[in-house]
Number of protein chains: 2
Amino acid sequence: MKKTEIKSTPRRRAAATPARAQAADDPTAIIVRMAEERVAIEGVDPEIDGGRFPAKAIVGRPFEVEVDVFGEGHDMVDAAILWRRVGEDGWTEAPLEATDNQRWAGTFTPLANAMHEYTVIGWRDVWGMWQSEVSKKQAAGVSITLELEEGVRLVAASAQAGERGTADDRIALTQLAAGMKAADDGTRFAVLTGEEAGALMRRAGHRANLTRYHRVLRLWVDRPAAAFSAWYELFPRSMSGDPHRHGTFDDVIARLPYVRGLGFDVLYFPPIHPIGLTNRKGKNNTLDAQPDDVGSPYAIGAAEGGHDALHPELGGFEAFKRLIDAAREQGLEIALDYALNCSPDHPWIKQHPDWFDWRPDGSIRYAENPPKKYEDIVNVRFYDGDKVIPEVWIAQRDVFLFWISHGVKIFRVDNPHTKAYAFWEWVIAEVQKQHPDVLFLSEAFTRPKVMHRLAKVGFSQSYSYFTWRTTKEELTEYMLELTRTEKRHTMRVNFFVNTPDINPVYLQTSGRAGHQVRLVLASSLAGNYGVYSGFELCEATPIPGREEYLNSEKYEIRAWDWDRPGNIRDDIARMNMLRQTHPALQEFANVEFYNMWNDNILFYGKRTEDKSSFLLFAVNLDPHNGQGADFEVPLWEFGLPDNASIEVEDLVQNYTFTWSGKYQH
Amino acid sequence: MKKTEIKSTPRRRAAATPARAQAADDPTAIIVRMAEERVAIEGVDPEIDGGRFPAKAIVGRPFEVEVDVFGEGHDMVDAAILWRRVGEDGWTEAPLEATDNQRWAGTFTPLANAMHEYTVIGWRDVWGMWQSEVSKKQAAGVSITLELEEGVRLVAASAQAGERGTADDRIALTQLAAGMKAADDGTRFAVLTGEEAGALMRRAGHRANLTRYHRVLRLWVDRPAAAFSAWYELFPRSMSGDPHRHGTFDDVIARLPYVRGLGFDVLYFPPIHPIGLTNRKGKNNTLDAQPDDVGSPYAIGAAEGGHDALHPELGGFEAFKRLIDAAREQGLEIALDYALNCSPDHPWIKQHPDWFDWRPDGSIRYAENPPKKYEDIVNVRFYDGDKVIPEVWIAQRDVFLFWISHGVKIFRVDNPHTKAYAFWEWVIAEVQKQHPDVLFLSEAFTRPKVMHRLAKVGFSQSYSYFTWRTTKEELTEYMLELTRTEKRHTMRVNFFVNTPDINPVYLQTSGRAGHQVRLVLASSLAGNYGVYSGFELCEATPIPGREEYLNSEKYEIRAWDWDRPGNIRDDIARMNMLRQTHPALQEFANVEFYNMWNDNILFYGKRTEDKSSFLLFAVNLDPHNGQGADFEVPLWEFGLPDNASIEVEDLVQNYTFTWSGKYQH
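In this text, all values refer to a predicted model and were calculated from it rather than measured experimentally.

Student: Give a detailed account of the overall build of chain A, specifying residues and quantitative values.
Tutor: Across its full length, chain A holds 17 helices and 31 strands. Each principal axis of the C-alpha atoms in chain A carries an extent, and together these give about 100 × 75 × 45 Å. Within chain A, buried positions represent 57% of all 665 residues. Looking at chain A alone, contacts between residues at least 24 apart form 74% of all its contacts between residues at least 6 apart. If you sum the accessible surface of chain A, you get close to 27300 Å²; carbon and sulfur atoms cover 51% of it. Computed over 75 positive and 95 negative side-chain charges, the inter-centroid distance for chain A is 4 Å.

Student: I'd love a proper account of the interface of chain B and chain A, names of residues and values included.
Tutor: Quite often, the size of an interface is put as the accessible area lost when its parts meet. With 70 residues of chain B at the contact, the number on the chain A side is 70 residues. For the pair chain B and chain A, the two sides together bury roughly 6300 Å², of which 55% comes from carbon and sulfur. Taken as a group, Ile-31, Pro-360 and Lys-449 of chain B account for 11% of the area that chain B buries against chain A, more than any other trio of residues on that side. If you look at where chain B meets chain A, you find 34 residue pairs in polar contact (both at pLDDT 80 or more). The element contributing the most residues to the side of chain B that touches chain A is helix α3 (residues 27-35) of chain B, with seven residues. Classifying every residue of the side of chain B that touches chain A gives 26 nonpolar, 15 polar and 29 charged.

Student: Explain the side chain of Asp-376 of chain B to me, and be specific about the residues and the numbers.
Tutor: With respect to the element layout, Asp-376 of chain B can be found in strand β17 (residues 372-379). Among all residues touching Asp-376 of chain B, those that are not within four sequence positions of it are Thr-278, Asn-279, Lys-281, Ser-296, Ala-299, Cys-342, Ser-343 and Pro-344 of chain B.

Student: Residues and numbers for the sheet that holds strand β25 (residues 591-593) of chain B, please.
Tutor: All names here are of chain B. Ordered in space as β25-β26-β27, the three strands form an open sheet in which the pairing is antiparallel. Of all the strands in the sheet, just β25 and β27 (614-620) have a single pairing partner and so form its edges. Here the strands of the sheet are splayed against their neighbours by 25° on average, with no regard to which way each runs. Of the pairings in the sheet, the one linking β25 to strand β26 (residues 601-607) comprises three bridges and is antiparallel in character. Following the sheet pairing, Glu-592 is matched in β26 by Gly-605.

Student: Got a sec to walk through the packing of helix α6 (residues 167-181) of chain B against helix α7 (residues 185-192) of chain B? Specific residues and values, please.
Tutor: Residues and elements named next belong to chain B. Between α6 and α7, the shortest axis-to-axis distance is 10 Å and the interhelical angle comes to 155°. The orientation of α6 relative to α7 falls into the category roughly antiparallel. Mapping the contact onto sequence places Leu-176, Met-180 and Lys-181 in α6 and Thr-187, Arg-188, Val-191 and Leu-192 in α7. In terms of residue class, the contact of α6 with α7 is made up of four nonpolar, one polar and two charged.

Student: Break down the pairing of strand β5 (residues 77-85) of chain B for me, with residues and values.
Tutor: All names here are of chain B. Counting buried residues along β5, eight of its nine residues qualify, which places the element largely inside the surrounding structure. In this structure, β5 lies alongside strand β9 (residues 115-124), joined through nine bridges in antiparallel fashion. If you follow Ala-79 over to β9, its bridge partner there is Gly-122. Note that β5 and strand β6 (residues 91-95) share four bridges and pair antiparallel. Its bridge partner lying in β6, Ala-80 is registered against Pro-95. Hairpin connection, β5 to β6: the antiparallel pair is bridged by five residues, and Gly-87 has positive phi, about 100°.

Student: Any chance you could break down the relation of the copies chain B and chain A for me, citing the residues and the numbers?
Tutor: Mapping chain B onto chain A is achieved by rotating through 180° and translating by 0.1 Å along the same axis, at an RMSD of 0.1 Å. Taken together, the turn and the small shift mark the pair as related by a two-fold rotation axis. The position closest to the rotation axis in chain B is occupied by the C-alpha of Gly-50 of chain B, lying 2.2 Å away. Counting the interface residues of chain B, we find that 100% of their copies in chain A are interface residues as well, pointing to one common contact surface.

Rules and cut-offs
Residues numbered from 1 in each chain as written. Chains lettered and ligands numbered in written order. Predicted model: local features only at pLDDT ≥ 70, side-chain atom pairs only at ≥ 80, totals over all residues. Heavy atoms only, no water. Helix = DSSP H or I, 4+ residues; strand = E, 2+ residues; numbered from the N terminus. Buried < 20%, exposed > 50% of the residue type's maximum accessible area, 1.4 Å probe, protein only. Contact = heavy atoms within 4.5 Å. Areas by Shrake-Rupley, 256 points an atom, 1.4 Å probe, with all protein chains shown as cover. Lys, Arg positive; Asp, Glu negative; His and termini not counted. Charge placed at Lys NZ, Arg CZ, Asp CG, Glu CD. Buried area = accessible area lost by both parts, 1.4 Å probe. Polar contact = N/O pair within 3.5 Å; in protein donor to acceptor, adjacent residues only side chain to side chain. Nonpolar A, V, L, I, M, F, W, Y, C, P; charged D, E, K, R; others polar. Pairing = 2+ DSSP bridges. Axes fitted to C-alpha atoms, helices over the stretch in contact; angles between N-to-C directions. Parallel < 35°, antiparallel > 145°, perpendicular 65-115°, else oblique. Least-squares fit on C-alpha atoms with pLDDT ≥ 70 in both.

In short, geometric facts, not functional conclusions.
In structure tokens form, the structure reads like this:
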């Protein structure tokens with residue numbers, strides 16, 4: 001990659017010159033400005049909402065840009081990507097190659113966890129046109145003496161301009177121009193239409209009518225965990241092993257080998273802050289809490305403090321630091337819940353009454369979804385009517401910064417869709433400006449455009465509809481929407497198989513086999529996936545008729561037998577190991593669905609660009625019956641004929657065999 | 001429609017204030033700016049290339065805008081279009097209605113042939129949310145005293161703000177607020193949740209968190225002929241009726257009743273300028289012109305003058321004026337060819353040698369497409385290498401202005417794709433700034449993206465691939481591409497059935513029936529269509545094996561028997577009459593394809609939005625055999641059940657009958 005200094009174009013300079021204004025009626029100035037766009041550059045992909053939002057990429061992974069570039073008439077053109085980290089001087093250039101029908105594609109690989117920007121340049125390939133013209137005429141037996149002289153002059157002009165290429169290139173150009181000056185036609189033709197001269201002119205020749213795309217686009221580059229992570233969620237207070245004793249951070253430390261043994265790399269906790277007493281919820285979300293009920297951790301804030309305090313029974317900041325450090329040592333990152341809910345006892349209510357909504361009778365407004373009321377929760381307001389309350393935004397930002405200062409780099413954000421999109425756009429940018437490695441998971445289960453908007457304004461990962469997509473048709477359609485539409489540039493899903501809020505009907509009714517099915521789907525289809533503890537034990541007892549867990553840990557302390565018979569810990573460990581060892585499972589959009597003639601079996605492949613890592617999955621979605629089917633081995637992906645043989649390794653049962661021919665059962 | 005003064009937002013004001021720069025590190029200023037975008041407004045359609053190009057509309061026809069508008073959480077929102085003619089103060093507002101899945105749609109009807117602009121506003125529908133909340137709670141039997149007081153305060157705040165609605169509305173709001181102040185809960189509920197209060201608040205209430213889309217989009221509004229026109233092309237020099245006598249404008253005047261009798265409204269001539277002598281082409285494009293050969297009219301320029309001169313044998317400017325006036329009297333507009341070709345005898349070559357490309361031996365560069373040479377033509381150059389030549393652009397603009405001053409308002413532009421896109425964007429804007437009623441037809445038969453780009457940079461109409469789309473599948477696919485993709489907002493096709501350059505293979509081999517097929521397709525599928533004279537006589541004699549006419553009028557004077565047996569003049573007149581009398585045929589994107597189980601028959605409907613004009617066409621594409629088929633009567637379009645009866649008029653044979661039931665033969 002070369003660093004290229006692209007001068008600001010006359011268009012930009014002209015616009016900044018006051019003299020321009022006087023010349024508004026002079027068509028010449030307008031012509032000079034408009035004439036700079038001689039090459040058509042359009043249809044840039046990605047370009048999120050016309051450049052309103054950045055696309056997303058990962059440090060060290062190639063980022064692909066596609067674009068239509070074409071000239072007028074029979075003109076040949078060439079094109080390149082310009083990119084840089086925001087704030088850098090000069091641009092780095094990456095080549096674009098013509099693919100089909102005036103479309104071009106190229107990649108660049110950003111190496112910094114930071115905001116980048118990119119655009120496209122195109123130019124008339126005058127040398128290519130000259131080579132084509134002179135070759136055609138020579139083949140047609142027409143005299144080309146004049147054409148050859150024109151070619152010599154093109155080389156001489158490029159040599160004299162000396163704009164591009166290395167010092168050696170420029171010397172070579174000068175020598176070429178000098179050598180051709182007195183050469184005969186035969187020599188001129190042989191040398192100038194040769195590959196060497198072509199390559200030299202491409203590297204160092206003048207770029208005619210260099211045109212720059214009219215927009216610079218942004219690209220946010222995340223660290224790899226944004227796109228590839230395996231999450232495990234647990235309630236720290238349930239980690240004592242005794243339902244009557246509140247778990248502590250040290251209890252969690254004791255569980256770390258278990259979590260790491262399963263192969264996860266992110267350990268995520270629901271809120272760990274003091275819990276309000278006023279209107280505290282009882283077990284199973286009842287309204288009459290008993291004195292020993294622990295309440296919902298989402299009712300944040302009590303006499304002991306609010307969003308920057310720790311629940312006293314979990315242990316203090318020293319214990320928290322021990323946990324962070326121990327987790328890091330074992331290769332686990334701690335993710336915290338960022339829930340802007342306040343209990344009626346939150347210190348902010350007294351400190352900042354103007355941050356809350358008050359009713360005509362002087363009472364505080366509780367959260368509600370009429371006629372439902374959530375009386376253990378009040379919401380901070382971001383606006384007072386039309387007017388924003390900047391202090392609230394800053395305070396919420398400072399909650400992130402506080403926990404970041406305590407070693408947390410990943411936040412799972414509760415219900416972001418009920419707060420202003422503009423707030424997220426601001427706060428994520430604010431935090432990542434100082435801490436680009438911080439990741440934000442959007443916990444919004446709502447309408448598609450809302451979820452997509454949250455991804456666009458900056459969330460690194462997004463919860464998804466995966467839990468409700470269970471049939472072959474639903475899964476295929478959803479995966480194609482996520483990997484084949486514009487969403488692939490902004491929205492990185494995290495396929496949680498269950499959450500404390502979602503005990504999926506499929507899991508309630510499908511037993512151990514169903515848990516295995518969902519595990520394999522989530523961990524192989526998505527780069528990011530997650531499991532809420534208990535899943536590995538196939539725990540799926542619901543409140544009858546609802547998608548909720550019975551005796552949910554949201555409202556009480558539970559104790560679990562982690563060795564419970566029928567658990568699928570081995571399956572989880574195997575899937576996480578496969579994910580670590582097979583690069584094809586570390587990407588998302590690289591899924592391809594293949595034909596298997598049975599609606600109960602989802603058959604798909606995941607592969608790296610170079611196909612050095614290529615995995616096939618045939619997942620029987622029917623948890624109650626074995627299923628068989630005829631299917632097509634995608635031999636064509638390896639350029640093989642339909643009757644070819646291919647060696648295959650079974651990664652579940654660890655043996656190698658051969659498929660001969662495209663059709664198999 | 002109301003005129004609304006939308007104040008420039010603080011964001012814009014802030015950006016213009018130098019004090020802002022100092023406050024770059026103050027998060028408050030950034031928050032205040034970003035917080036203005038509380039309502040999400042995205043996915044505006046049309047928005048051509050992110051606003052880079054204007055969309056197109058027609059004076060007096062509704063222009064539809066679609067957009068995603070949504071708030072946070074359960075917020076209800078409302079939205080509207082703002083539009084105006086560029087240069088007007090203030091905006092006109094047009095309502096948007098929610099359609100489906102957070103998508104909104106609305107229309108406005110521009111009335112001026114001029115550049116317009118539009119954008120979208122959205123706001124939180126606080127009153128709607130209040131009505132919904134209080135109604136739900138009342139239905140649930142919950143106390144709503146506080147909610148009612150909050151409603152009264154909302155009315156009072158709107159009354160006090162007095163921002164919107166008529167003077168009467170504001171008085172009504174004040175009275176409502178006053179009346180509710182002391183009312184009891186029952187009265188408050190009845191009045192405030194009533195329709196009248198809702199309508200008043202919608203008209204005059206405060207719009208909370210009014211958010212404006214971040215981009216203002218342009219819309220070029222043409223006169224109706226841009227979208228609905230029937231063209232007839234003829235060579236004036238062939239109008240004498242004698243192949244040995246050069247036709248004149250007066251001969252053309254004598255032909256006007258014939259053309260108008262066929263029902264056309266645009267009469268288009270290939271170039272009418274002096275024709276060069278140097279390297280003049282002979283009959284059938286031969287290189288050895290005889291002394292009496294008239295040459296190609298595209299070799300423009302001779303001793304008698306160039307692009308602003310008339311071919312001396314056609315008659316002078318007085319004759320030309322007679323023709324323009326006579327045509328206008330008969331309801332015909334004259335369209336001229338705008339071909340930037342120069343013959344080697346063009347006066348510009350001596351006057352402005354720097355406008356042309358010269359070769360190392362001092363010779364002028366002829367047009368060529370190696371190894372083919374076009375030695376009767378040299379091209380003006382728009383650029384000297386990288387540098388634009390503004391004088392050339394201005395001179396080319398002045399050619400348009402010259403003919404406009406002589407009464408011409410429509411130009412068919414020859415091969416625009418071989419000149420710079422930027423030139424067309426500039427020159428069309430320049431001309432339409434002074435003469436917004438001037439129309440430009442792009443004669444580019446080249447790659448799809450190039451043709452689309454020319455439409456985007458400003459061409460009013462575009463030639464199309466229609467001549468090469470002959471099968472049911474090809475026609476359906478092409479029509480869907482033109483009417484269902486972004487192209488419908490920028491590219492208005494003109495379906496020519498033939499041209500002097502294109503004698504389609506289908507017409508060469510299909511006889512009279514084939515000509516009728518192509519006539520019906522072109523005139524019913526497209527708003528703009530065209531015929532090159534001879535088509536009505538079913539003249540299709542080719543140069544064997546080529547798509548060219550034998551003895552083409554491009555190179556010689558022809559004489560025709562306009563009453564030749566087997567002509568289809570009556571069919572043409574009938575189709576043009578149907579187009580004039582049925583509004584459904586005056587639009588383009590209103591086509592719908594229906595099921596008819598025969599691949600030889602294309603079955604489609606055209607209808608107005610309100611379905612008051614609804615035409616069905618079943619076109620047998622097979623010119624050699626009669627075809628029959630089962631088909632579906634689109635009863636569902638009228639909301640009728642499958643067994644309903646519907647009265648139908650046969651517009652070809654002029655009788656009325658009834659279809660009973662959806663399936664017919």
